[in-house]
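The chain contents come next:
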Amino acid sequence: SRDIDCEDQPYAFRAYASGLNGPIGHRSEWRNRNNYGYFTPTREFRRGTVVCREFTETSYRGRDSFTRTGTACREVDGNWRFD
């Protein structure tokens, strides 16, 4: 999210939540003004009893694009924590 403008973050974070809670391989999209991006969970696995997902995220801001991969794990309270 460090490459996403503050005004775009609420839109992007909704796509992240949709992707983390949706099916593996399903791309969630966001758009705000001329900025947009995609979030795709690529694999689910367990770390002990904790469910984790690897993902790819691409955002476009103006003429720049940023692609990142990462991992998020579901906390006991149901929220996702990005590693």
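See the structure above.
The model shown is predicted, which means the values in this text are computed figures rather than measured ones. (Residues numbered from 1 in each chain as written. Predicted model: local features only at pLDDT ≥ 70, side-chain atom pairs only at ≥ 80, totals over all residues. Heavy atoms only, no water.)

Caption draft 1: Quick look at the packing of aromatic side chains. Tallying each qualifying case throughout the model produces 8 aromatic pairs. A ring pair is formed by phenylalanine 13 and tyrosine 16, whose centres lie 5.6 Å apart and whose planes are at 55 degrees; its orientation type is tilted. In this pair, phenylalanine 13 and tyrosine 16 both sit in helix 1 (residues 9-21), 3 residues apart, roughly one turn of the helix. For phenylalanine 13, a relative accessible area of 37% gives the class partly exposed. An angle of 25 degrees between the planes, with centres 4.9 Å apart, marks the rings of phenylalanine 39 and phenylalanine 55 as stacked. One end of the pair, phenylalanine 39, is in strand 2 (residues 35-47); the other, phenylalanine 55, is in strand 3 (residues 50-61), and 16 residues separate them in sequence. The same class applies to phenylalanine 39 and to phenylalanine 55, which are both buried. (Phe/Tyr/Trp six-rings, centres within 6.5 Å; stacked < 30°, edge-to-face > 60°. Helix = DSSP H or I, 4+ residues; strand = E, 2+ residues; numbered from the N terminus. Buried < 20%, exposed > 50% of the residue type's maximum accessible area, 1.4 Å probe, protein only.)

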